[in-house]
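Inside the fold
Now for the letters of each chain:
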Amino acid sequence: MSREVDGVRLHPLVLDEDLSVLSGLVVPALSARRLVSRPLPGTSLRSTLGLERPANRFATAAAATATATATATATAAQEDAR
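Keep in mind it's a predicted model, so treat the numbers as computed, not measured.

Quick word on the overall build of the protein
- Tallying secondary structure elements over the protein gives three helices and zero strands in all.
- Shown N-terminal to C-terminal, the secondary structure of the protein runs as helices and strands in the order α-α-α.
- Accessible surface computed for the protein: about 7,900 Å², of which carbon and sulfur atoms make up 58%.

Points about unusual backbone geometry
- At Arg34, a position not held by glycine, the phi torsion is positive, near 60 degrees.
- Take Arg34: it is sitting in the loop between helix H1 (15-32) and helix H2 (45-49).
- Arg34 gets classed as exposed once you look at its relative accessible area, which sits at 77%.

What about H1?
- If you check H1, its first and last C-alpha atoms are 24 Å apart, about what 18 residues at 1.5 Å a residue would give, namely 26 Å.
- One or two positions beyond H1, positive phi appears at Arg34, with a value near 60 degrees.

Digging into the confidence of the model for the protein
- Taken over all residues, the pLDDT of the protein has a mean of 78, while the share at 70 or more is 82%.
- Element-level mean pLDDT values for the protein span from 72 in helix H3 (residues 61-81) up to 87 in H1.

Basis of the calculations
- Residues numbered from 1 in each chain as written.
- Predicted model: local features only at pLDDT ≥ 70, side-chain atom pairs only at ≥ 80, totals over all residues.
- Heavy atoms only, no water.
- Helix = DSSP H or I, 4+ residues; strand = E, 2+ residues; numbered from the N terminus.
- Areas by Shrake-Rupley, 256 points an atom, 1.4 Å probe, with all protein chains shown as cover.
- Buried < 20%, exposed > 50% of the residue type's maximum accessible area, 1.4 Å probe, protein only.
- Expected span 1.5 Å × (residues − 1).
- pLDDT = per-residue confidence, 0-100.

Here is the structure:
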């Protein structure tokens, strides 16, 4: 099954009753069998895909221009280093 599925989400049907079962019994059993692992701190889908953070839509136009210029300069420096 690991070839077809790379993850699942477990949702408790009744939060007060099922959450303790999931966290106390199901997750530890899956961890013991190495079928589930905890996410690494600081990781996100954006970092996994290598995407930059989007520009702040509330920033002033000057700040957005400065950010774009700095990004372009950093990208050019990385390409020159290659």
